[in-house]
Amino acid sequence: MRNRGRTAFIVTYLAPATLLYGVFVIWPVLQAFGFSFYKWSGMSANKTFVGFDNFKQLFHDSVFWQALEHNALIFLIGGGAILVIGVGIAHAMQGEGRLTKVLRSVYLFPNIMSLVVVAILWEFVYDPNIGLVSSLMRLFDGPVRAGAPPVDHSILGSATKALPAVIVTFVWFAVGFYIMLFSTGIRQIPSEVVEASKLDGAEGFHQFRKITLPLLWSVGRIAVIYLVINTLNVFALVFLMTQGGPDRKTEVMLTYLYEQAFVNSDYGAATALAIANFVIVMAVSGIVLRLTRKDPAGASR
Amino acid sequence: MISLLKRAGTNAVLFAFALVVIVPLLWMVFSSFKSGPEIFASPWGLPSKLHFENFAHAWQTAGIAHFFLNSLIVTVATLVVLIPIGAMAAYVFARYPFLGSKVLFGTFLGGMMFPQFLTIVPLFFLMNSLKLGSYSLYDTKLGLTIVYIAYSLPFTVFVLAGFFQTLPKDLDEAAMIDGASHSGVFWKVMLPLAKPGLIVVGIFNGIGLWNEYSLALVLMPSEANRTLPLGIANLVMVEHYQSDWGALFAGLVIVMIPVLIVYWIFREKIHETMLAGALKG
């Protein structure tokens, strides 16, 4: 009775999703590994097998290393700022009042917006003519001397300021998600633990350091993994704000990949870069998980 | 007294940070109502008069209306197919274990892990090679819709499978004894019960698809097919529409408004789901 048509049911109900997923996701993933061993400019006649040449070339490509360095800076500086702000705000936001809920929703909103809107909005914020930031900078210009060149207020066009500006935008966009993650982590801390620590005289920063921080360990690990993935895969923000410029000073792995594929038509090199990016994300995530395996809360007891 | 001061101090920090989030957004909204000269002259001021014509310019002259329609078509078409086929697969994974079902489910979930750019070059060629006569999947709304369905499946199957697992086991057994078929139980009993899950999945995918940029950028080059994010990005980057700042700000507001409305209505649900996804995934 129960098994009547079971197999037919399973097959027909799985088929549409599995077919689409297989053809448009899994098949391209497998193909990517193949593509990376070819030199290929798009015309099928010009496809030549080159073994690991694309990877060797990538290894000697200074632009790739520059891009990787910028990804690393976004992770270290932007990610670091996000962790500090995220834990700090989440700690300050304890309690489940109406106000807390509204604030949490406000903090999270940039994360729900289109990255396109975020990138363009911040491009405008940094604009030397109409931007909020340059209008503040102008306050510090001092008196204009006759004949002196006008003060340069460009930010995204500046070799030194562009990357920090992109990082600020990234933090603004992403931090709400991490605040939410950490406030949930804090709420999961049993209130008896907090009460007991108060009886022991732990308060304020002391309580935060001895109780809250160690108990946030497992949520913190998840947060760092998300940061690794999101910072090594930054694309739209950089592509729209600076196109990797000026002079590649904000180039990241994926903007370079886009250029190699869809500007230079060097599809083999682009796919090799995609695989390198994937391997780097997996490797860094693995290292982070391994380094943070020891839970200090468990160790100190 | 001291704790009261401390509370006030913390609240001040929380409000200050909320301002950091809100000020750029308010600036965008205010600027969308300002005249061009006003945008230059008083970046921090309120609009002296509401220049609604900025929105008319963005909507008609800059072509946002057309991009809006494209985005609406692609988003709705994706959801209409994605949700039923995602729910069907999720239901089988949750309730009908078979040899290899764990592996296949794992393969679906794996899609949430690897970056989209891993597949972007092969996908670009795949879409170019799939043709019906002269009709190619590349650079068509149908093609983008199919890709969107495929790339939204992992999250959809993950959330809905979780939902179907929580529904009581004896429900389908009772219905089967009454003579209902496997698919009858699914459509008449299970799917209605899973409605909250379907709504969550619809909201999440809807927002994500409305905002999507990278895939559309690579797969939709022609202007006629541009979705809203592509269209507004193109106005700023390629056409340098900056001679009409007001219209550009209005365009950004138009892209944001539907998301803001949906977000504010469903914000608690969105929180829950993001957390569940983040902590279990």
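Cut-offs and rules
- Residues numbered from 1 in each chain as written.
- Chains lettered and ligands numbered in written order.
- Predicted model: local features only at pLDDT ≥ 70, side-chain atom pairs only at ≥ 80, totals over all residues.
- Helix = DSSP H or I, 4+ residues; strand = E, 2+ residues; numbered from the N terminus.
- Buried ≥ 20, exposed ≤ 12 C-beta atoms within 10 Å, placed from the backbone.
- Contact = placed C-beta atoms within 7 Å.
- Expected span 1.5 Å × (residues − 1).
- Nonpolar A, V, L, I, M, F, W, Y, C, P; charged D, E, K, R; others polar.
- Core = buried A, V, L, I, M, F, W, Y, C linked by C-beta atoms within 7 Å.
- Arc of directions from axis to C-beta.
- Axes fitted to C-alpha atoms, helices over the stretch in contact; angles between N-to-C directions.
- Parallel < 35°, antiparallel > 145°, perpendicular 65-115°, else oblique.
- Left-handed = near helix turned anticlockwise from the far one by under 90°.

A.B. asks: Please set out the overall build of chain A residue by residue, giving values where relevant.
C.D. replies: Assigned secondary structure in chain A consists of 14 helices and two strands. Per-residue burial for chain A yields a buried fraction of 41% across its 301 residues. Pairs at least 24 residues apart make up 71% of the contacts formed inside chain A by residues separated by at least 6 positions.

A.B. asks: Describe helix α4 (residues 98-112) of chain A, with residues and values.
C.D. replies: Given a rise of 1.5 Å per residue, 15 residues ought to cover 21 Å, and the 21 Å separating the end C-alpha atoms of α4(A) matches this to within 8%. Looking at the buried residues of α4(A), the elements they touch are α5 (115-125) and α7 (162-187) of chain A together with α1 (2-31), α10 (195-211) and α13 (245-265) of chain B.

A.B. asks: How would you sum up the interface of chain A and chain B? Please name residues and give values.
C.D. replies: Accessible area lost upon the coming together of the parts serves often as the stated size of an interface. In this assembly, 62 residues from chain A lie in contact with 67 residues from chain B. Here the side of chain A that touches chain B is built from residues that sort into 49 nonpolar, eleven polar and two charged.

A.B. asks: Give me the nonpolar core: which residues, what numbers.
C.D. replies: Counting residues in each nonpolar core, the largest one holds 167 residues, and the members touching the most others are Leu237(A) and Leu252(B). Looking at this core element by element, the count peaks at 18 residues for α7(A).

A.B. asks: I'd like a rundown of helix α3 (residues 53-61) of chain B, residues and numbers included.
C.D. replies: Residues and elements named next belong to chain B. For α3, the set of buried residues is Asn54, Phe55 and Ala58. All buried residues of α3 fall inside an arc of 100 degrees around its axis, so they share one side. Looking at the buried residues of α3, the elements they touch are α4 (64-95) and α13. At the exit of α3 stands glycine 63, carrying a positive phi of roughly 85 degrees.

A.B. asks: Would you mind going over the environment of Phe262(A) in detail, with residue names and values included?
C.D. replies: Residues and elements named next belong to chain A. Structurally, the position occupied by phenylalanine 262 is in helix α12 (residues 253-262). Judged by C-beta crowding, with 16 C-beta atoms within 10 Å, phenylalanine 262 ranks as partly exposed. Once the C-alpha coordinates of phenylalanine 262 and isoleucine 225 are considered, the two residues, 37 residues apart in sequence, prove to be 30 Å apart.

A.B. asks: Just give me the short version of unusual backbone geometry, but keep the residues and values in it.
C.D. replies: All names here are of chain A. Although it is not a glycine, arginine 248 sits at a positive phi angle of roughly 65 degrees. The topology assignment puts arginine 248 in the loop between α11 (236-241) and α12. Backbone geometry at serine 265 places phi at a positive 55 degrees, although glycine is not the residue there. Mapped onto the fold, serine 265 is located in the loop between α12 and α13 (267-291).

A.B. asks: Describe the packing of α10(B) against α13(B), and please don't skip the residues or the numbers.
C.D. replies: Residues and elements named next belong to chain B. Contact geometry of α10 with α13 gives a least axis separation of 11 Å together with a crossing angle of 165 degrees. Judged by the inter-axis angle, α10 sits roughly antiparallel to α13. Our pair here, α10 against α13, has a crossing hand that is left-handed. For the pair α10 and α13, the contacting residues are Ile203, Gly206, Ile207, Trp210 and Asn211 in the first and Pro258, Val259 and Val262 in the second. Looking at the contact of α10 with α13 residue by residue, the class counts come to six nonpolar, two polar and no charged.

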